[in-house]
Amino acid sequence: MGLSTHDAATSRTKVERTSDVDLVVQRTFDAPARLVFQAWSNPDLFRRWWVPKSAPITLRTCEMDVRTGGTYRLEFGADEGPVHAFFGRYLDVVPDAKIVWTNEEETEGAVTTVTFEEADGKTLVTYHDRHASKESLDEAFVGMEGGIAEQFEQLEEMLAA
C-alpha cells in the first residue's frame, strides 16, 4: 500500500491505498466546508475543476442532482472520438458534511464517500473509494493516482479565486 510518489513533490494531496479494495485521498483546503461542498455539488463549479487540465478530454455533460436518492451522469471525451460516461446514485448527502455515491458504469462499481471536516476556516476533504475487488481498484488506480492530485490542485485554485 503506501503513499503515491505524487504527494509532497506536486501538491498537498495524500493518495493512499489503505487495503486491497480501498483508496483514500486527503487534502486540506483553505476554505470553509460550505464552499468546498458547493464545489462538489454545484454542476457549474464542478465542471471548472473535475477534469485534470493535463488530460486530453473535456467534460461534455455534467448532470448532478446532489441529494439522497438523486442521480448523476458525467460524460467525458476528446473533441473527436468516443464519449465515456460515469453515472450512479447519491446514497447519502449531508449538506456541507458528506456525499456518498455509487459508480455504476462498471459491473463492479465502487462506492465513493467524500467528507468535509471544517476547522479554523479550513476544510479537510477525505475522498474514499471502496471497490468490489482488488482487480477493480488496480484498474481504477492506474488512471487516478496522478489525476486526482491534479484535480485537487485545480479545486484549490478555484476556491482561492
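Just so we're clear, the structure is a prediction, and the values are computed from it rather than from any experiment. (Residues numbered from 1 in each chain as written. Predicted model: local features only at pLDDT ≥ 70, side-chain atom pairs only at ≥ 80, totals over all residues. Heavy atoms only, no water.)

A. Up close: the environment of Arg 73. Mapped onto the elements, Arg 73 comes out in strand β5 (residues 71–77). The sequence separation of Arg 73 and Glu 63 amounts to ten residues, and the corresponding C-alpha distance is 5.2 Å. Within the local environment of Arg 73, its side chain forms a polar contact with the side chain of Glu 75, the two groups lying 2.8 Å apart. (Helix = DSSP H or I, 4+ residues; strand = E, 2+ residues; numbered from the N terminus. Polar contact = N/O pair within 3.5 Å; in protein donor to acceptor, adjacent residues only side chain to side chain.)

B. Quick look at the packing of aromatic side chains. A full pass over the atoms with the stated rule returns 14 aromatic pairs. Judged by centre distance (4.9 Å) and plane angle (65°), the rings of Trp 40 and Trp 49 are edge-to-face. The pair formed by Trp 40 and Trp 49 is uniform in burial state, with each residue classed as buried. Pairing Trp 40 with Trp 50 gives two aromatic rings, centres 5.7 Å apart and planes at 70°, and the pair type is edge-to-face. Taken together, the residues span a long stretch of sequence, with Trp 40 in helix α2 (residues 33–41) and Trp 50 in the loop between α3 (43–49) and β4 (58–64) at a distance of ten residues. Like Trp 50, Trp 40 is buried. In textbook terms, an aromatic cluster arises when at least three aromatic residues are bridged by ring pairs, as seen for Phe 29, Phe 37, Trp 40, Phe 46, Trp 49, Trp 50, Trp 101, Phe 116, Tyr 127 and Phe 152. (Phe/Tyr/Trp six-rings, centres within 6.5 Å; stacked < 30°, edge-to-face > 60°. Buried < 20%, exposed > 50% of the residue type's maximum accessible area, 1.4 Å probe, protein only.)

C. Region of the structure containing a negative patch on the surface. On the surface, Asp 20, Glu 106, Glu 108, Glu 135 and Glu 139 cluster together into a patch of negative charge. Tracing the sequence through the fold places Glu 108 in the loop between β7 (98–102) and β8 (111–119). (Patch = residues over 30% accessible without salt bridge, like charges linked within 9 Å, V, L, I, M, F, W, Y side chains within 5 Å. Areas by Shrake-Rupley, 256 points an atom, 1.4 Å probe, with all protein chains shown as cover. Salt bridge = Lys/Arg side-chain N within 4 Å of Asp/Glu carboxyl O. Lys, Arg positive; Asp, Glu negative; His and termini not counted. Charge placed at Lys NZ, Arg CZ, Asp CG, Glu CD.)

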